[in-house]
Amino acid sequence: MALIVQKYGGTSVANADRIRNVARRVARYQALGHQVVVVVSAMSGETNRLLALAQEIMPEPDPRELDQMISTGEQVTIALTAMALMDLGLKAKSYTGAQVSITTDDAYTKARIMNIDEARIRADLDAGYVVVVAGFQGVDPDGNITTLGRGGSDTTGVALAAALKADECQIYTDVDGVYTTDPRIVPEARRLKSITFEEMLEMASQGSKVLQIRSVEFAGKYKVKLRVLSSFEEEGDGTLITFEEEDNMEQPIISGIAFNRDEAKITVLGVPDRPGIAYQILGPVADANIDVDMIIQNVSADGSTDFTFTVNKTELSKTMAILKDKVQKHIGAREITGDDKIAKVSVVGVGMRSHVGIASQMFRVLAEEGINIQMISTSEIKISVGIEEKYLELAVRVLHKAFQLDQAN
Ligand code: ADP
Ligand code: ASP
Ligand code: MG
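Residues numbered from 1 in each chain as written. Chains lettered and ligands numbered in written order. Predicted model: local features only at pLDDT ≥ 70, side-chain atom pairs only at ≥ 80, totals over all residues. Heavy atoms only, no water.

**Q** How should the site of ligand 1 be read in this particular structure?
**A** Around ligand 1, the structure places 18 residues, and the nearest of them are Thr173, Asp174, Tyr179, Asp182 and Arg184. Within the backbone of Tyr179, one N or O atom sits 2.8 Å away from a nitrogen atom of ligand 1. One of the side-chain N or O atoms of Arg184 is found 2.6 Å from an oxygen atom in ligand 1. Protein contact buries 85% of the 570 Å² of open area that ligand 1 shows by itself. Considered class by class, the residues forming the shell around ligand 1 number 7 nonpolar, 6 polar and 5 charged. (Near = heavy atom within 4 Å. Polar contact = N/O pair within 3.5 Å; in protein donor to acceptor, adjacent residues only side chain to side chain. Areas by Shrake-Rupley, 256 points an atom, 1.4 Å probe, with all protein chains shown as cover. Nonpolar A, V, L, I, M, F, W, Y, C, P; charged D, E, K, R; others polar.)

**Q** Mind showing me how you'd approach the packing of aromatic side chains here?
**A** Each aromatic ring pair is characterised by the separation of its centres together with the angle its planes make. Across all of its chains, the model carries 4 aromatic pairs by this definition. Considering the side-chain rings of Phe197 and Phe243, the 5.7 Å spacing of their centres and the 35° angle between planes classify their relative orientation as tilted. Remark: Phe243 occurs in the loop between β12 (239-242) and β13 (256-260) and Phe197 occurs in helix α7 (residues 197-205); sequence separation between them is 46 residues. When its relative accessible area of 31% is taken as the criterion, Phe243 is described as partly exposed. Over the ring of Tyr129 we find Lys91; its NZ or CZ atom is 4.8 Å from the centre of that ring. (Phe/Tyr/Trp six-rings, centres within 6.5 Å; stacked < 30°, edge-to-face > 60°. Helix = DSSP H or I, 4+ residues; strand = E, 2+ residues; numbered from the N terminus. Buried < 20%, exposed > 50% of the residue type's maximum accessible area, 1.4 Å probe, protein only. Lys NZ or Arg CZ within 6 Å of the ring centre and 35° of its normal.)

**Q** Mind showing me how you'd approach the sheet that holds strand β6 (residues 130-134) here?
**A** Strands belonging to one sheet form pairs held by backbone hydrogen bonds; the direction of such a pair is parallel or antiparallel. Reading across the sheet, the 8 strands line up as β3-β6-β2-β1-β9-β11-β12-β10 and stay open at both edges, with mixed pairing between neighbours. In this open sheet, the two strands that pair with only one neighbour each are β3 (92-95) and β10 (194-196). For this sheet the average axis-to-axis angle between neighbouring strands, irrespective of direction, equals 20°. Relative to β6, β3 runs parallel, the two being bridged by 4 bridges. In the sheet register, Ser94 faces β6, and the bridge partner there is Val132. Strands in contact with helix α6 (residues 153-163) are β1 (3-8), β2 (35-40), β6, β9 (168-173) and β11 (226-230); relative to β2, the strand with the most contacts, it is inclined by about 155°. Those strands touched by α7 are β10 and β12, and its axis lies near 85° from that of β10. (Pairing = 2+ DSSP bridges. Axes fitted to C-alpha atoms, helices over the stretch in contact; angles between N-to-C directions. Contact = heavy atoms within 4.5 Å.)

**Q** I tried to follow the site of ligand 2 on my own but got confused; where do I start?
**A** The environment of ligand 2 is formed by Ser41, Ala42, Thr47, Glu74, Phe136, Arg150, Gly151, Gly152 and Ser153. At 2.7 Å from a nitrogen atom of ligand 2 is found a side-chain nitrogen or oxygen belonging to Glu74. Within the side chain of Arg150, a nitrogen or oxygen atom sits 2.7 Å from an oxygen atom of ligand 2. Coverage of ligand 2 by the protein chains reaches 86% of its 260 Å² of free accessible surface. Taken together, the residues that form the shell around ligand 2 break down as 2 nonpolar, 5 polar and 2 charged.

**Q** I'm lost on the sheet that holds strand β19 (residues 375-379) in this one. Help?
**A** One open sheet holds the 4 strands; their spatial order is β13-β18-β20-β19, and the pairing between them is antiparallel. Looking at which strands have only one partner, the edges of the open sheet turn out to be β13 and β19. Along the sheet, successive strands turn relative to each other by an average axial angle of 20°, direction set aside. Pairing geometry for β19 and strand β20 (residues 382-388), over 5 bridges, is antiparallel. By the bridge assignment, Thr378 is partnered in β20 with Ile383. Running over the sheet, helix α12 (residues 392-402) touches β13, β18 (342-348) and β20 and is turned about 15° from β18.

**Q** What exactly am I supposed to notice about the packing of α7 against helix α8 (residues 213-222) here?
**A** Between two packed helices, the angle of one axis relative to the other and the distance separating the axes together describe the packing. At a minimum axis distance of 8 Å, the contact between α7 and α8 shows a crossing angle of 160°. The angle between the axes of α7 and α8 places the two elements in the roughly antiparallel class. Crossing of α7 against α8: the hand is left-handed. In this structure, α7 contributes Phe197, Met200, Leu201, Ala204 and Ser205 to the contact, and α8 contributes Ile213, Val216, Glu217 and Gly220. Taken together, the residues that form the contact of α7 with α8 break down as 6 nonpolar, 2 polar and 1 charged. (Parallel < 35°, antiparallel > 145°, perpendicular 65-115°, else oblique. Left-handed = near helix turned anticlockwise from the far one by under 90°.)

**Q** So what exactly am I meant to see when it comes to the environment of Ile331 here?
**A** Positionally, Ile331 belongs in helix α10 (residues 316-331). Residue classification places Ile331 among the buried positions, given a relative accessible area of 5%. When residues no more than four places from it in sequence are discounted, the contact partners of Ile331 are Val268, Val271, Pro272, Arg274, Ile277, Gln280 and Ile281.

Printed below as a string of structure tokens:
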């Protein structure tokens, strides 16, 4: 007997038929003697619908009230899923995040899970129940409802699997695994049988939304056996996230290509080139809990330079306001500009550690298509470039082909 956590995303619970389909799969697992915890997202489109509604009332909605509201999508699907299970004759019980004490910090809309009291779930499982838990939500130490950031139900699933020491966490979605790149953009993309944890972490942090980044971090920290599968297919092994690098000479150098349209670029022009400037610019941004991704600063010829960095698009106006308010005059910068028509493309692979020339190959392929690179950042296993958004799909396609990711190996 195994304990399995199954997480179903929005498209997998989009209507009554699909919820019944989820219930049938859960019933099959229980019939095999397994204990099953189910985590569900809101019905697809529901979180977006609620967000738009809030914005109609208040252009920059209050974060506490926003979480209070967008957490309701999952409250609907947990109850419907429990009903579908009961309808099949199973014992089932649904819980919100607060009811099973998924405690988070108080960072509304992007809270981090701090603790899960798994005793209640375990007692129900031992009494023969299927336990259905709302994804994406938690409760802060003062009892306020919080949410975990878009795609956060993945993190609920993996965190529950970690807390319960589950044998496996299965992420059911609308694709049958992790692909070399988003199959919606490149139809030739191939499913990977496995991907190393480090590569998955890079893919997720560079924009592959198939798994929320924090879910991968949790899987790494607690060594959760994590698999991505299709909820629309009966068979299939999906993609396993592995912790060992395969000792395989044939392993491709590049495993996948990720991309991200969610970033915006900010340039602070005419910055004096002296110690402490980066801190003076980015300190107030960090104090406002805004994540910064790529950063570039040029050397100066005349003592003055430009400082460029990227933030999430949703935080562009807030960041610009902070800079204009608190930084520009203080450091004597000439001007601050924002650009939200950028995109980031990244090639990812552990094979990069032992191979040179990947960056130059990437730059050559982009140059041949006339795509200008605005920013570059690298880690041991990835190279990212910032480009004009209109070239994104072209860039992903040509890189996918150039690195032969469309070919079976
Ligand atoms: P869910 O609602 O089930 O959480 P998501 O939309 O969050 O589903 O994630 C699944 C989607 O992720 C797929 O439909 C696919 O378009 C996209 N995706 C992006 N990159 C990849 C990738 N490398 N492999 C598979 N899917 C990817
Ligand atoms: N419903 C939330 C969202 O749309 C969480 C999730 O689906 O994982 O982002
Ligand atoms: Mg998702």
